[in-house]
Amino acid sequence: MPQDSPLESAYAPARVGLFVTCLVDAMRPSVGFAAVKLLEDAGCAVEVPRAQTCCGQPAYNSGDRADSQALARQTIEAFEGFDYVVAPSGSCAAMIREHYPALLAEDPAWSARAQHVAARTYELTSFLTDVRGVSALAARFEGTVTYHDGCSGLRELGVREQPRQLLASVRGLTLNEMRDSDVCCGFGGTFCVKFSDISNTMVSDKIDGIAKSGARTLLAGDLGCLLNMAGKLKRTGVPVEARHVAEVLAEMTDDPAIGEAAKD
Amino acid sequence: MRSIAHSFKDNAKAALADPQLRRALDNIKTGFITKRAAAAARLPEFEALRDAARDIKNHTLDHLDLYLERYAENVQAGGGHVHWCATAEDARAAVLEICRRAGAKTVTKGKSMISEEIALNDYLEANGITPVETDLGEYIIQLRHEPPSHIIAPAVHLTKDAIEADFRKAHPQFPKDRPLSEPRHLVDEARQVLRSRFLAADVGITGANFLIAETGSSVIVTNEGNGDLTQVIPKVHIVVASLEKVIPNLYDLSTILRVLARSATGQEFTTYTTVSSGPKRPEDPDGPEEYHVILLDNGRSRMLGGEFREVLRCIRCGACMNHCPVYHAIGGHAYGWVYPGPIGAVLTPGLLGVEEAGALPNASTFCGRCESVCPMRIPLPKLMRHWREREFERHLTPAPVRYGLAAWAFLARRPALYHWLLGLEMRVLGALGRRKGRFAWLPFAGGWTRHRDFPAPQGRTFQSLWAERKTGGAP
Ligand code: SF4
């Protein structure tokens, strides 16, 4: 595929259920629309089941198995009819892919259904490259960016090269790697509130690396990490804007960046 | 050692406010990590060796009773004695009795985490016996009356300057103007001080990195050689070890040793690897006259049969804490007991109870870096989550968290109601935050906004916009 051609996939059309994630749904719907655009450009028919809410991580990571199992069943039921389940988040995709089968392993009625959905679930950028064979995009973005590897996507799903490969095809974009891009930003769901001071030291370290990268835009594939880092960038006055990687890949960057005032 | 794990949050706060500690911790962030990565990269079969090491320990744990019996028989056959100790108290008493019988006044000690676990030094001192730590790091923290802050680098929380000051205070016998600014100087001075102590000791106490069932041997790996002098010179050698240290034979040892030093310090092998198999035999030129092994359980057999079994594979290499961003932020002392970092977050609640140490497995983002480097492939985040589950079941989770979680889960399990309410809430928040794009303060969000702004939502939920798009409205 030539570098500048619009996306077209030689692959068969696929029915994709978009797992929006509770954070994108509530905080930044534009990321959801960017994901839809990328998926449709890659030849997918995208649907958004209304019966989804949250993947259940807040309960799961707080030791509340009963509620996390209930949410897992709800999500499985909503998505088991699709060819693929795609989430604009490594963390939520890893929850479905890596943890649902373990969570429901002892439930004979649900164990196979959990495995079925798990095997079809992907993080957005890795789905585009690994499953749909997308290697280049038609997007343009003028600027220098740096990319933070969300922990679950990186270590549970092996997402590292995929977003970088796609970013490399965006015209006008330069990627400056920050130091320790693979080190946790200190978000950790409820961790950042429960252990606020430790989290602050971690995110301060992260911000320091981001500032020193020389990039003007911070990208990542997880809105949780982004809210944490953007909140710290704003608080400390570091002039770097934060966006979900899908916004740049879909060339949908008209909305103010995360934590930025509306333009009007 | 008395635990202060229950006050983890306060400990962490104090650690975060300590500028000297910050400087010391900055060093480990780079040193250990780059060295381990380089060592692993140099060995093509490193990942396969991790699998093999894991399998050896799994096999051993499956037949632990058998291997322990075989080990004990072989120690006895070689003329040594095994003391089975269920608790820390039993272990301390057994050591004291051996020391008393030997008429010991001073004992030298090699580095041993089990000795820390059973608080041996304080106990010996209280009973009129002087313990002398001979590992440089342990010697330094003994001078300072501090517990170790790292399982392989006990004094890693200290800067070189702090150690120099301690040495000048503790060693008035040397000239005041002597140079002490280089690590080399510190090592030489400690050696000089310790030499006479080695010769004067009546009993030598070491830990064990491994116990070999087939030969009844104990194995220590060190870089200073102090362990060898500790176990060879005095007439009595006591090994203090916990029961999961046993492995079947010397072949297995060689496999595990290939991942141990690489994971710990990035060395291919430690400087000294010493196998000792009992007291001096008639034909031996040197060695102790008596050889004792204190075999400690202290709660481990309880973990063997349950969901925390995998933690018993640990070989105490320290890689998990070297790579832990929480450890990097707060150091080891904040964990409040013997074992810091991710291994401590799993092991400490197992040994002391989740009531005492429940905060430790909660203080993790589950970033997974520990598991990705653990040579024994222990799923540390999963085991920390299990502790949170045990806490939740027993209603030990703080009430506000429980109620908040229950309210959230009630809604999240009712998608229609959830979408409707969230739609309303985000319209309000979005409108309030529109002008600035963020909130410096929000009710009930102090944990967040104390240190960072809260980005304002865009104002509409994805679900509501998507519904409009489907029915032909503008997104
Ligand atoms: S848990 Fe793994 S990484 Fe941590 S000390 Fe034990 S063996 Fe090493």
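Residues numbered from 1 in each chain as written. Chains lettered and ligands numbered in written order. Predicted model: local features only at pLDDT ≥ 70, side-chain atom pairs only at ≥ 80, totals over all residues. Heavy atoms only, no water.

## Focus: the overall build of chain A
Within chain A, the secondary structure is distributed over 13 helices and eight strands. The globule rule puts the C-alpha radius of gyration for 264 residues at 18 Å, and the 18 Å found for chain A is close to it. Principal axes of the C-alpha set define a box for chain A whose edges measure 55 × 50 × 35 Å. Counting over 264 residues, chain A shows a buried share of 62%. Across chain A, every contact between residues at least 6 apart in sequence was considered, and the portion connecting residues at least 24 apart equals 78%. Accessible surface, chain A as shown: approximately 8900 Å² in total, 49% of it carbon and sulfur. Taking the average place of the 25 positive charges on the side chains of chain A and the average place of its 34 negative ones, the gap between the two points comes to 3 Å. (Helix = DSSP H or I, 4+ residues; strand = E, 2+ residues; numbered from the N terminus. Rg over C-alpha atoms; globule rule 2.2 N^0.38 Å. Buried < 20%, exposed > 50% of the residue type's maximum accessible area, 1.4 Å probe, protein only. Contact = heavy atoms within 4.5 Å. Areas by Shrake-Rupley, 256 points an atom, 1.4 Å probe, with all protein chains shown as cover. Lys, Arg positive; Asp, Glu negative; His and termini not counted. Charge placed at Lys NZ, Arg CZ, Asp CG, Glu CD.)

## Thoughts on the interface of chain B and chain A
If you look at the interface, chain B gives 64 residues, while chain A gives 70 residues. Overall, the association of chain B and chain A removes approximately 5800 Å² of surface from exposure, summing both partners, and the carbon and sulfur fraction of that is 60%. Run the count over chain B and chain A and you get six salt bridges. Here Asp197 of chain A makes a salt bridge to Lys13 of chain B, at a shortest N to O gap of 3.5 Å. Across the chain B-chain A interface, the total number found is 34 residue pairs in polar contact (both at pLDDT 80 or more). (Buried area = accessible area lost by both parts, 1.4 Å probe. Salt bridge = Lys/Arg side-chain N within 4 Å of Asp/Glu carboxyl O. Polar contact = N/O pair within 3.5 Å; in protein donor to acceptor, adjacent residues only side chain to side chain.)

## Things to note about the domain arrangement of chain A
Residues and elements named next belong to chain A. The domains assigned to chain A are domain 1 (14-130) and domain 2 (136-249). Here the C-alpha centre of domain 2 lies 22 Å away from the C-alpha centre of domain 1. Between domain 1 and domain 2, the contact holds 25 residues from the first and 22 residues from the second. Between domain 1 and domain 2 lies a buried interface of about 1900 Å² when both sides are counted; carbon and sulfur atoms form 69% of it. Together, Arg28, Leu38 and Thr125 form the three largest contributors to the area buried by domain 1 at its contact with domain 2, with a combined 24%. (Domains from an automatic or database assignment.)

## Side note on the environment of Ala78 of chain A
Residues and elements named next belong to chain A. Along the polypeptide, Ala78 turns up in helix α4 (residues 65-79). Using a relative accessible area of 16% as the deciding quantity, one classes Ala78 as buried. Between the C-alpha atom of Ala78 and that of Gly17, which follows or precedes it by 61 residues, the distance is 8.8 Å. In this structure Ala78 touches Pro49 and Ala51, once residues within four positions along its chain are discounted.

## Side note on the domain arrangement of chain B
In terms of domains, chain B is made up of domain 1 (46-302) and domain 2 (406-470). Its C-alpha centre places domain 1 of chain B at a distance of 56 Å from the equivalent point of domain 2 of chain B.

## Looking at the sheet that holds strand β7 (residues 236-242) of chain B
Residues and elements named next belong to chain B. With respect to topology, six strands assemble into an open sheet ordered β1-β10-β7-β4-β2-β3, the strand pairing being parallel. Each having just a single partner strand, β1 (81-85) and β3 (130-133) make up the two edges of the open sheet. For this sheet the average axis-to-axis angle between neighbouring strands, irrespective of direction, equals 20 degrees. In terms of strand pairing, strand β2 (residues 106-109) meets β3 through four bridges, oriented parallel. Within β3, the position partnered with Val107 by the bridge is Pro131. Most of the contacts of helix α4 (residues 64-77) go to β1, to which it runs at about 145 degrees, and overall it touches β1 and β10 (290-296). Here helix α5 (residues 88-101) sits on the sheet and contacts β1, β2, β4 (203-206), β7 and β10; the angle it forms with β10, its principal contact strand, is near 170 degrees. (Pairing = 2+ DSSP bridges. Axes fitted to C-alpha atoms, helices over the stretch in contact; angles between N-to-C directions.)

## Concerning a nonpolar patch on the surface
Residues and elements named next belong to chain B. Residues Phe410, Leu417, Trp420, Leu421 and Leu424 make up a contiguous nonpolar surface patch of about 480 Å² in total accessible area. The element that contributes the greatest number of residues to the nonpolar patch is helix α22 (residues 415-433), accounting for four residues. Within the element layout of this structure, Phe410 appears in helix α21 (residues 399-412). Its relative accessible area of 43% is what places Phe410 among the partly exposed residues. (Patch = residues over 30% accessible without salt bridge, like charges linked within 9 Å, V, L, I, M, F, W, Y side chains within 5 Å.)

## Section: the sheet that holds strand β9 (residues 272-276) of chain B
Residues and elements named next belong to chain B. Spatially, the four strands line up as an open sheet ordered β8-β5-β6-β9, and their pairing is mixed. Looking along the sheet, the strands with just one partner apiece sit at the ends: β8 (246-247) and β9. Looking at chain direction, strand β5 (residues 210-212) and strand β6 (residues 217-222) are connected through three bridges and run antiparallel. Bridging from a neighbouring strand, Phe210 pairs with Val219 of β6.

## A look at the pairing of strand β5 (residues 140-148) of chain A
Residue and element names in this part refer to chain A. Sheet topology note: the β5/strand β6 (residues 171-175) ladder contains four bridges and is parallel. For Val145, the partnering residue across the bridge sits in β6 and is Leu175. Alignment of β5 against strand β7 (residues 217-220), held across four bridges, turns out to be parallel. Considered in β7, the bridge of Thr146 is made with Leu218.

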